[in-house]
Each structure stands twice: as C-alpha cells, then as structure tokens.
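Listed below are the residues making up each chain.
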Amino acid sequence: MIKPFFYGALIGILGGLMGLGGAEFRLPILTFIFDFATLHAVVINLIISWVTVISSLIFRWESWAAIEPYWTIVLTLLSGSLIGASFGASLASRIDEKRLDRIVALLLGIIALVMITESLIHFDPLRINFIAMSFLGFSAGVIIGLFSSMLGVAGGELIIPTIALLYGVDIKIAGTLSLMVSLPTIMVGLYRYRNKEPFAMVKPNIPLIGWMAAGSILGAWVGKSMLGHFSSGHLHIFLAVILSLSAIKLYKKGMQ
C-alpha cells in the first residue's frame, strides 16, 4: 500500500502548505490514478477528509480557547452547510455518472477560480449589518455544504475566505473555525450516503483509505513545517492550474 500512502502524503504536503486538507486534489487522484467511479471517489474522499479534519483539530488544540468569541459564526455557517451537505449527497446519488462528472468538473473549476482570486486580490471585510451578515453566512454555508458532499471535501478553501471576508476574523483563527464547520458537515454528507450503493465500496477499500489517510496526516504536518519556504500566492496559482486541468479532463470524461 505504498502508492496510496505516497499520494496521500503528497496531497497532505500541498494542503499543509496552503492551510487546507487537500481533499480537492485527492478527488482527481482517486478518479484518475486509482480508477474509482466519480461517486465512489467522493464517498472515499469524504471519509479521508473526516479523518484529516479530526487530526487537524487535535493539532490545533492549543488555539481552541481563542475561538470562544466566534461561536455564532460557526453556528451560522453550520446551519446552512448541514442543509447543503444533505441536499448535495441526495443530488449526487440520483443523477447519472456522466452528468455527475460534468458537475464535479464545474465545482473543481470554481474552486480553482477561488484560489486564483484569493492569491491576486486582497479583500477587506464587508461592512454590513447583523441581519445581512447572518443571511449571507447562512447562504454561504449552504453552498459550502453542497461543495463538501458533492466533492467529498472539507470545504476549507471556501469556508476560510468566507469567514475572513464576512466577519473580518484573523486567518489563523478562521482556519480553526473552518475545521469546526467542516467536521459536522462531512458527517452529514457521510450519513446521507450511508445507504447508497457507493458506500458499499468503503469496506473492500479500507486498507487504501487507511494508508491514504495516514499519508495525508503525515503530509499535512510536513507541509505545515515547510510553510515559511514557499510563497502561498504562487502556490495557490500553481495548484489552481492543476485543478483546472483535472476539471477539464473530468469534464471530457463526462462528455464521452
């Protein structure tokens, strides 16, 4: 099981350098390298993302005390993301594989665009009233949950900029808040998939899931240690290009 551990570690390093779980890069690898059907890859990706998020929360235990003033942010985003995750899992299970390939390709392309935008533009926090902020937070949560359940990702690439832009929270605290939103969101997605046909692929692939999760955790720690040696802006653009190419390839697969 060297291959899944290697790819898990590679993805973990990339995610660690960016402050993300790396699941958006794991999905194309599960699809194209390990040859899983898209929906099977999404379910496996959700499980590995769940393990990775739990590990990341444990690694950040010393910063938990700093999040006490931000519970309303977590609850607002969660109220939307849980709905989005439930709907996304149901939608992904009902549509045919080729259409799902095209939808997932579009979502990967959107994430690539978000990464490029983040690296090129500095956003100041929005100046809006509490009601408008709550509505936008809930709406963003729905979109985040939809992405999470349909891609099998933790959603940090969307949650972190949302928290920073809407609420003006420091990026490091936003990372911890993101994990707290991600964990229940992933669990809802997995719960909604539990009785679906793709979930049957989990048991025979437990060794692959375990080795890839172990590699992801180790890689995330290595990536975090290397953080000072790389420009995050350039790295975001580079990885966005990779995601864009993966999206194009997956879209072509869905058109065949």
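Right above here is the structure, for reference.
Residues numbered from 1 in each chain as written. Predicted model: local features only at pLDDT ≥ 70, side-chain atom pairs only at ≥ 80, totals over all residues. Heavy atoms only, no water.

Engineer: Sorry if this is basic, but what is going on with a positive patch on the surface here?
Structural biologist: On the surface, Arg-94, Arg-192, Arg-194 and Lys-196 cluster together into a patch of positive charge. With respect to the helices and strands, the residue Arg-94 is situated in helix H4 (residues 71–94). For Arg-94, a relative accessible area of 60% corresponds to the exposed category. (Patch = residues over 30% accessible without salt bridge, like charges linked within 9 Å, V, L, I, M, F, W, Y side chains within 5 Å. Areas by Shrake-Rupley, 256 points an atom, 1.4 Å probe, with all protein chains shown as cover. Salt bridge = Lys/Arg side-chain N within 4 Å of Asp/Glu carboxyl O. Lys, Arg positive; Asp, Glu negative; His and termini not counted. Charge placed at Lys NZ, Arg CZ, Asp CG, Glu CD. Helix = DSSP H or I, 4+ residues; strand = E, 2+ residues; numbered from the N terminus. Buried < 20%, exposed > 50% of the residue type's maximum accessible area, 1.4 Å probe, protein only.)

Engineer: When you look at the packing of aromatic side chains in this model, what are you seeing that I'm missing?
Structural biologist: The description of an aromatic ring pair rests on the distance of the ring centres and on the angle between the ring planes. Tallied over the entire structure, the rule returns three aromatic pairs. Judged by centre distance (5.3 Å) and plane angle (75 degrees), the ring pair of Phe-6 and Tyr-7 falls under edge-to-face. Between Tyr-7 and Phe-34 the ring centres are 6.0 Å apart and the planes differ by 80 degrees, which places this aromatic pair in the edge-to-face class. Of the two residues, Tyr-7 is situated in helix H1 (residues 2–18) and Phe-34 in the loop between helix H2 (23–32) and helix H3 (38–59); the sequence distance between them amounts to 27 residues. What links up through ring pairs into an aromatic cluster is the set Phe-6, Tyr-7 and Phe-34. Residue placement shows Arg-194 over the ring face of Tyr-191; its charged tip is 3.8 Å from the ring centre. Lys-249 extends its terminal NZ or CZ atom over the ring of Phe-32, reaching a point 4.6 Å from the ring centre. (Phe/Tyr/Trp six-rings, centres within 6.5 Å; stacked < 30°, edge-to-face > 60°. Lys NZ or Arg CZ within 6 Å of the ring centre and 35° of its normal.)

Engineer: Would you take a moment to explain helix H5 (residues 97–120) for this structure?
Structural biologist: Each full turn of the α-helix corresponds to 3.6 residues, which orients residues three or four apart in the same direction. Here H5 is 24 residues long and its end C-alpha atoms lie 35 Å apart, about the 34 Å a rise of 1.5 Å per residue gives. For H5, the set of buried residues is Leu-100, Asp-101, Val-104, Ala-105, Leu-107, Leu-108, Ile-111, Ala-112 and Met-115. The N-cap of H5, judged by a side-chain oxygen 3.3 Å from the amide nitrogen of Lys-98 a few residues on, is Asp-96. (Expected span 1.5 Å × (residues − 1). Polar contact = N/O pair within 3.5 Å; in protein donor to acceptor, adjacent residues only side chain to side chain.)

Engineer: What's the story with a nonpolar patch on the surface in this structure? I'm lost.
Structural biologist: A contiguous nonpolar surface patch, about 680 Å² in accessible area, is contributed by Trp-50, Ile-54, Ile-58, Phe-59, Met-187, Leu-218 and Trp-221. The element contributing the most residues to the nonpolar patch is H3, with four residues. Within the secondary structure, Phe-59 sits in helix H3.

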